[in-house]
Amino acid sequence: MHIRTTCLAYQFLTFFNIFFLFISFSQSVAGSDPEPDIKSSIIISPDKQFDFAEDCFSNKDYLTAVGEYKRFIYFFPGDERVETAMYRIGMSYYLGRHFKKAGDSFNAVIDRYVDTDLSIKSYFMISEAHVKLNAFGLAIINLNNLITLTHDEDVKDEAYYRLGWIYIETSSWEKARLYFSKISAKNKTKYRLERLSTELNKEKSIPKKDPGLAGFLSIMPGAGYFYCERYQDALIAFLLNGGLICAAYESFDDNNNALGGVIAFVEFGFYAGNIYGAVTSAHKYNRKQTGQFIEKLKNNTKINLFADVKNKGICLAFEFMF
Amino acid sequence: MIKKPYFIIIFVILFMNYNTCFAEQKSTVTKRHSPSFGTAEKQENFVLYPIKFYRNTISRADGNRCPMYPSCSQYCIEAFKKHGSFLGWIMCSDRLMRCGRDETKLSPHVVIHGEKLSFDPVNNNDFWWHQ
């Protein structure tokens, strides 16, 4: 019994010694680590983080820029550049063609900051994002909200100018003229309204085809296509429909009623298709001509109002095609 | 013996009635299966069988020679699915008449598998009446 107790005591002492040796060793090892870690680690300052995000943005690496701007906002929420970072997130999404997310990001700027330069620019960018998504109605509502909220004459004028162009995009010429006319006298030269209105008046000369007339002419197969300047389609429609009508007639004439019925059934599709196609062709023709006119108008007269990358104000560019 | 003009009229009326019935059936099916889009897609219109037969047998042997994108058969399938049998049939006939002619000069081009094709989807032909 005594021997057993002594053995246990020795075992306990051995274990105790090993344990303390290990502890002291581990402390010495651990103690050697922190100093080099501190030396090798990088402390990111707000300036470094923001500069890195700006670098990504200017190098057109927009998705990385979004992440870095978000990191900046998260770690340095009290920095004065948070608003700029939020605006840049919107711009990164916009330039990266993520228009829905861009709109949401600009809305976040508007919700947080009121009546600042960037919040005003955010309003404009929201409408740009809506236009890119073909949501013209939302773009118009947004700009009208801005006109109601702001007291700055220049901002109102820019909103009117943008509204006018949105209406041009939708071929609503009269509404476009109305909004251009609301621009104050002092900014009429800046937006080159005289030239714009002269060019805009040429919309009456856009060549157009009447879809109703195209459909009516198609009673004679191919005539509708011919009216819409689709001469090959007109010839095919005429020959195909003429051939099928003759075939159906001949079949019935030869008392092959079943065959005549099948041919008439097929012919019905082609005849109706000829009318439908002529009406669609007239609409396509009008759409194409209007699109070309708007494109020419943009190239000749549109002033490019785009919030610049370096936040130095508004960039004004004018382009004229000879 | 049925007279010839009456025969055509009866044929067209039957066709239109069939289309109306079918259009209703289609919308019901879509409503019923709206939570799972895949199931509704499987409810295929038997009007599409001839087109599928053409695509799976004739076109495979004949080769894809349609200069338009989507091809005429694909366009017809999309038109039938989008607008039902009646308008689908009319749009399909219209496309067959236009295929490879003036449309190739007027429509924008896309490059598919290295081949330059004229881009003429269904929404390029129903934009003026269907949103």
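## Considering the sheet that holds strand β3 (residues 115-119) of chain B
Residues and elements named next belong to chain B.
- Taken in spatial order, the three strands line up as β1-β3-β2 in an open sheet, and their pairing is mixed. A strand with exactly one partner marks an edge of an open sheet, and here the two such strands are β1 (68-69) and β2 (109-112).
- Two elements, β2 and β3, share four bridges in a ladder whose sense is antiparallel. Paired with Val 111 across the bridge in β3 is Lys 116.

## As for the confidence of the model for chain A
- For chain A, per-residue confidence averages 87 on the pLDDT scale, and 83% of positions sit at 70 or higher.
- Across residues 308-312 of chain A the pLDDT falls below 50, and counting only partners more than four positions away or on other chains, this stretch makes ten contacts in the model.

## Observations concerning the packing of aromatic side chains
- One pass over the structure, following the stated rule, counts 19 aromatic pairs over all chains.
- Three or more aromatic residues joined by ring pairs form one cluster here, namely Phe 50, Phe 57, Tyr 62, Tyr 69, Phe 72 and Phe 76 of chain A.
- Over the ring of Tyr 227 of chain A we find Lys 209 of chain A; its NZ or CZ atom is 5.2 Å from the centre of that ring.
- Just above the ring of Phe 127 of chain B sits the side chain of Arg 287 of chain A; from NZ or CZ to the centre is 4.0 Å.

## Re the packing of helix α7 (residues 117-132) of chain A against helix α8 (residues 136-149) of chain A
Residues and elements named next belong to chain A.
- Between α7 and α8, whose axes approach to 7 Å, the crossing angle comes to 165°. Taken together, α7 and α8 sit at an angle that is classed as roughly antiparallel. For the pair α7 and α8, the crossing hand works out as left-handed. Residue-level inspection shows Ile 120, Tyr 123, Phe 124, Ile 126, Ser 127, His 130 and Val 131 of α7 in contact with α8, the latter providing Phe 136, Leu 138, Ala 139, Asn 142, Leu 143, Leu 146 and Leu 149.
- Class assignment of the residues belonging to the contact of α7 with α8 gives a composition of eleven nonpolar, three polar and no charged.

## Describing helix α9 (residues 153-169) of chain A
All names here are of chain A.
- The end-to-end C-alpha separation of α9 is 24 Å, in line with the 24 Å expected for 17 residues at 1.5 Å each.
- Burial analysis of α9 places 13 of its 17 residues in the buried class, which makes it a mostly covered element.
- Where α9 begins, the capping side chain belongs to Asp 152, and its oxygen is found 2.9 Å from the backbone nitrogen of Asp 154.
- Ser 171 sits one or two positions beyond α9 and adopts a positive phi of about 60°.

## Side note on the nonpolar core
Residues and elements named next belong to chain A.
- Membership of the largest hydrophobic core comes to 61 residues, with the highest contact counts inside it found for Tyr 69, Phe 106, Tyr 161, Ile 168 and Phe 180.
- Looking at this core element by element, the count peaks at nine residues for α9.
- With sequence-adjacent residues up to four places away left out, Phe 180 is seen in contact with Tyr 161, Gly 164, Trp 165, Ile 168, Lys 188, Leu 193, Leu 196 and Leu 200.

## Notes on the state of the cysteines
Residues and elements named next belong to chain B.
- Under the definition given, this model contains one disulfide over all chains.
- Across a sulfur-sulfur distance of 2.3 Å, Cys 76 and Cys 92 are joined as a disulfide pair. The sign of the 80° torsion about the S-S bond sets the Cys 76-Cys 92 disulfide as right-handed. Take Cys 76 and Cys 92: they sit in the same class, and that class is buried.
- The structure places no disulfide on Cys 99, whose sulfur is separated from the nearest cysteine sulfur, that of Cys 72, by 3.5 Å.
- When its relative accessible area of 17% is taken as the criterion, Cys 99 is described as buried.

What counts and what doesn't
Residues numbered from 1 in each chain as written. Chains lettered and ligands numbered in written order. Predicted model: local features only at pLDDT ≥ 70, side-chain atom pairs only at ≥ 80, totals over all residues. Heavy atoms only, no water. Pairing = 2+ DSSP bridges. Helix = DSSP H or I, 4+ residues; strand = E, 2+ residues; numbered from the N terminus. pLDDT = per-residue confidence, 0-100. Contact = heavy atoms within 4.5 Å. Phe/Tyr/Trp six-rings, centres within 6.5 Å; stacked < 30°, edge-to-face > 60°. Lys NZ or Arg CZ within 6 Å of the ring centre and 35° of its normal. Axes fitted to C-alpha atoms, helices over the stretch in contact; angles between N-to-C directions. Parallel < 35°, antiparallel > 145°, perpendicular 65-115°, else oblique. Left-handed = near helix turned anticlockwise from the far one by under 90°. Nonpolar A, V, L, I, M, F, W, Y, C, P; charged D, E, K, R; others polar. Expected span 1.5 Å × (residues − 1). Buried < 20%, exposed > 50% of the residue type's maximum accessible area, 1.4 Å probe, protein only. Polar contact = N/O pair within 3.5 Å; in protein donor to acceptor, adjacent residues only side chain to side chain. Core = buried A, V, L, I, M, F, W, Y, C linked by side-chain atoms within 4.5 Å. Disulfide = S-S within 2.5 Å.

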